[in-house]
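In case you want the letters, here they are:
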Amino acid sequence: MSAKAEIEIIERYCKGCSICVEFCPTKVLEMDAFVVKVANADACIACNQCELRCPDFAIKVHKL
Amino acid sequence: MAYDYEKHIRAGKLPHIWCPGCGHGIAMKGLIRALDTCGLEKNNTAIVSGIGCASRLPGYMDYNTLHTAHGRAAAFATGVKMSKPEMNVIVVGGDGDGTAIGGNHFIHACRRNIDMTYVILNNYIYGMTGGQFSPCTPTGHKASTTVYGNPDPIFDISKLAIGAGATFVARTTAFHATQIDKLIAEGIKHKGMAIIEVLDDCPTTYGRRNKFRSVVDMMKRLKEIAVPVAAASKMTAEQLEGKVLTGVLYKEDKPEYTEQYAQVIERAKGA
C-alpha cells in the first residue's frame, strides 16, 4: 500500500501529548523521546485526524 | 497542500503556552477554519477575551484582538459591537471567566441578543490560576480548592445560555474537531447571540487530580460522553445518564440588539 499523504512534523512545536499517535487509525505515528515521528509512512490514508487533533500546530498532512 | 493555519496567526507566536495535550489548541484551529469558511476579513473582525488559559487565544490570532479584564470579555465585546455594528465580533473565554467571574456579563449579553459569537472553552476548572474549582467542575470531582471533592452542583452552560435568551446555542467537544468549525461557522452566520460551548480537557490542573492517567484518557472520555442531539431523542433517560448532548441545541430568530438600538437613535432624532 502506498502513502496517500506526506506527513510533516514541526518538531519545535510538538509537546509530546501523543493524541495523534493514539487516534491514527492506521498507526502511522509513534512517539520518540516525547516527540512524534512518522514510523510507518506507507500506511497513511490521508484522513487528516492527526492534523485536526494536534493542539500544537505541529502536524501538517500534505495530500499526495 | 496542508491547511495553512499560520496565515491567521501572528508571526513568531508559536509554539503557544498551553500545556501538552490541552484542547485549547484544537479549538483554536477550529476557530481559524470557521473564520476562513465564513470569509471574515482580518480588518473587519474583532476577537475579544477576558483572563485565563482560553483567554490567551486571541493573542495568537492575527486579527483585531482585545485582551480585557477577568470575566469582562462580553462587556468589552458589547462595546465594540455597539460602536461598530458592521464589525464581526468573536468572544473567546473559559468556563470560570465566562460563568463565574463574568457570569453577569454573560447572561446579559445573551439576554440582549447582540450579534456576536461567544466560544466558551469549558475545561471544568480554573486552569491558569492554579486549578481552583469553577461552576463547571463536576460534583464530587477534585480541584485545588476542593481536595475532598466538590460539593456544588454544576452550571450547564448551554442551558444557562438558552435560559438567558441566546438565540443560537451549540455544544461540541475538543475530540470532535471537525464539528468545532462547523458550529462556530454556523454561529458566526447567525444574526444574534451565538454561544458555542466546547468541552475541553485540562490535563494539568483537572486531569491529574481526577484519576485521568493521560491526555488520551481525557480525549476518550470526551468521545464517550458526547451524544448527538438526534441520537439522544431515541435514547432512554437511563442511557443518557452521564452523557452530554452535542450539536445545535437551540436556534431561533429574534430582533438583534444593535438593529433595535439604531431604531432608538432614529426615534430620538425625530423627537
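Computed from a predicted structure; not experimentally measured. (Residues numbered from 1 in each chain as written. Chains lettered and ligands numbered in written order. Predicted model: local features only at pLDDT ≥ 70, side-chain atom pairs only at ≥ 80, totals over all residues. Heavy atoms only, no water.)

### Quick notes on the overall build of chain A
For chain A, the helix and strand inventory stands at two helices and four strands. Counting from the amino terminus, helix and strand elements in chain A follow one another as β-α-β-β-α-β. A globule of 64 residues ought to have a C-alpha radius of gyration of about 11 Å, and chain A, at 10 Å, matches this closely. Structurally, chain A occupies a C-alpha span of about 30 × 20 × 15 Å along its principal axes. Within the span of chain A, comprising 64 residues, buried residues form 47% of the whole. Taking the intrachain contacts of chain A between residues at least 6 apart in sequence as the baseline, contacts between residues at least 24 apart amount to 54%. Total accessible area on chain A is roughly 3,200 Å²; 51% of this is exposed by carbon and sulfur atoms. Charged side chains of chain A number 8 positive and 9 negative; the gap between the two group centres comes to 5 Å. (Helix = DSSP H or I, 4+ residues; strand = E, 2+ residues; numbered from the N terminus. Rg over C-alpha atoms; globule rule 2.2 N^0.38 Å. Buried < 20%, exposed > 50% of the residue type's maximum accessible area, 1.4 Å probe, protein only. Contact = heavy atoms within 4.5 Å. Areas by Shrake-Rupley, 256 points an atom, 1.4 Å probe, with all protein chains shown as cover. Lys, Arg positive; Asp, Glu negative; His and termini not counted. Charge placed at Lys NZ, Arg CZ, Asp CG, Glu CD.)

### As for the interface of chain B and chain A
Taken together, the contact between chain B and chain A spans 28 residues of the former and 19 residues of the latter. Summed over both sides, the interface of chain B with chain A buries roughly 2,100 Å², with 65% coming from carbon and sulfur. Contact with chain A buries area across many residues of chain B, yet A2, K29 and V216 of chain B alone supply 23% of it, more than any other trio. Taken together, the connections running from chain B to chain A amount to one salt bridge. The residue K220 of chain B makes a salt bridge to E22 of chain A at a minimum N-O spacing of 3.0 Å. In this structure, the connection of chain B to chain A is made through nine residue pairs in polar contact (both at pLDDT 80 or more). Of all the secondary-structure elements, those providing two or more residues to the side of chain B that touches chain A are α1 (24–37), α7 (177–189) and α8 (215–225) of chain B. (Buried area = accessible area lost by both parts, 1.4 Å probe. Salt bridge = Lys/Arg side-chain N within 4 Å of Asp/Glu carboxyl O. Polar contact = N/O pair within 3.5 Å; in protein donor to acceptor, adjacent residues only side chain to side chain.)

### Notes on a nonpolar patch on the surface
Residue and element names in this part refer to chain B. Among the surface-exposed residues, I17, I51 and M128 lie close enough to one another that they form a single nonpolar patch of about 240 Å² accessible area. Note that I17 resides in the segment before α1. Look at I17 and you get partly exposed, because its relative accessible area is 45%. (Patch = residues over 30% accessible without salt bridge, like charges linked within 9 Å, V, L, I, M, F, W, Y side chains within 5 Å.)

### Quick look at the sheet that holds strand β8 (residues 193–199) of chain B
Residues and elements named next belong to chain B. A sheet is described by the order of its strands in space; here eight strands give the open sequence β2-β1-β3-β4-β8-β7-β10-β9, paired in mixed fashion. Of all the strands in the sheet, just β2 (64–67) and β9 (226–228) have a single pairing partner and so form its edges. With strand direction ignored, the average angle separating the axes of adjacent strands in the sheet is 20°. Together, β4 (116–122), β7 (168–173), β8 and β10 (244–251) form the strand contacts of helix α6 (residues 157–164), whose direction differs from that of β7 by roughly 175°. Here α8 sits on the sheet and contacts β7, β8, β9 and β10; the angle it forms with β9, its principal contact strand, is near 30°. (Pairing = 2+ DSSP bridges. Axes fitted to C-alpha atoms, helices over the stretch in contact; angles between N-to-C directions.)

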